[in-house]
Amino acid sequence: YTHPVVIACLVPPRPSSALSSPEALRKLEAEQPRAATSHPYVCVPFKGASSFTVQLLPPSGTDQQVAYLVLEAGPHTLEGGARLIAGESVLALGEPNRVPFQTIVRTDAAGAAFDSVPSVLCTPQNGEAGCHHAVCDTADTTGFTLSLVATDDVMGAKPAAVSFAASAPRPPAGEGEG
């Protein structure tokens, strides 16, 4: 890869048959940590042309399954016609940061890169500065807004790189064309 984009996320565990009863689900819910505890998230502190490192924050002490996708930065057309745009943006902590698609790909006159609102995945990347938690706040056909959330494991308010992938299906024949 010349400009790799790494997207990684935790895979939620599948409920077991032992949790199928309402009583078992209520017991499990009662044992879950409350809002004072932050949820774990994945970051990529290092990436190169042929390898990358995935880190779970905060470390949980239990096995976690992580899914990942590595793409070359830029636009991609998937089999079946869906569009995917991958890239990276450097964000400041605390302020929502607008990422317009027109800075990455050619768009229509209104700045739209998709015919419908895309799904956006993002993963913080930062190396020695530490990883913040990144959140996609809003998305539309012209871009999306990302925010960095401060975490206890990160010192200071340094800007952070965030990799993203936005995708939407191809519109049905005759729609969104013209």
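Residues numbered from 1 in each chain as written. Predicted model: local features only at pLDDT ≥ 70, side-chain atom pairs only at ≥ 80, totals over all residues. Heavy atoms only, no water.

1. A look at the pairing of strand β3 (residues 52-57)
- Inspection of the sheet shows strand β2 (residues 41-47) paired to β3 by 5 bridges, in the antiparallel sense. Bridging across to β3, Val-42 finds its partner in Leu-56.
- Taking the residues between adjacent antiparallel strands as the criterion, β2 and β3 are bridged by 4 residues. (Pairing = 2+ DSSP bridges. Helix = DSSP H or I, 4+ residues; strand = E, 2+ residues; numbered from the N terminus.)

2. Quick look at the pattern of salt bridges
- Within the structure shown, the criterion is met by 2 salt bridges.
- Arg-98 is paired through a salt bridge with Asp-140; the nearest N and O atoms lie 3.0 Å apart. In this pair, Arg-98 is assigned in strand β7 (residues 97-100) and Asp-140 in strand β9 (residues 133-140), connecting sequence segments 42 residues apart.
- On the basis of relative accessibility, which here comes to 40%, the residue Arg-98 falls in the partly exposed class. (Salt bridge = Lys/Arg side-chain N within 4 Å of Asp/Glu carboxyl O. Buried < 20%, exposed > 50% of the residue type's maximum accessible area, 1.4 Å probe, protein only.)

3. Things to note about the side chain of Thr-145
- By secondary structure assignment, the location of Thr-145 is in strand β10 (residues 143-149).
- A residue is classified by how much of its surface remains accessible, and Thr-145, at 13% relative accessible area, is buried.

4. So, the pairing of strand β8 (residues 119-125)
- Here β8 lies mainly inside the structure; 5 of its 7 residues are buried.
- The sheet contact formed by β8 and strand β11 (residues 160-168) spans 7 bridges and is antiparallel. Bridging from a neighbouring strand, Ser-119 pairs with Ser-167 of β11.

5. Points about the packing of aromatic side chains
- In total, this model carries 4 aromatic pairs according to the counting rule given.
- A centroid spacing of 5.1 Å and a plane angle of 75° characterise the contact between Phe-101 and Phe-114, whose relative ring orientation is edge-to-face. On the criterion of sequence distance, the pair formed by Phe-101 in the loop between β7 and β8 and Phe-114 in the loop between β7 and β8 is long-range, its members being 13 residues apart.
- On the basis of relative accessible area, Phe-101 is assigned to the buried category, the value being 0%.
- Residue Phe-114 is classed as buried on the basis of its relative accessible area of 5%.
- The interplanar angle of 65° and the centroid separation of 4.9 Å between the aromatic rings of Phe-144 and Phe-164 together place this pair among those described as edge-to-face. Here Phe-164 lies in strand β11 and Phe-144 lies in strand β10, a separation of 20 residues in the sequence. (Phe/Tyr/Trp six-rings, centres within 6.5 Å; stacked < 30°, edge-to-face > 60°.)

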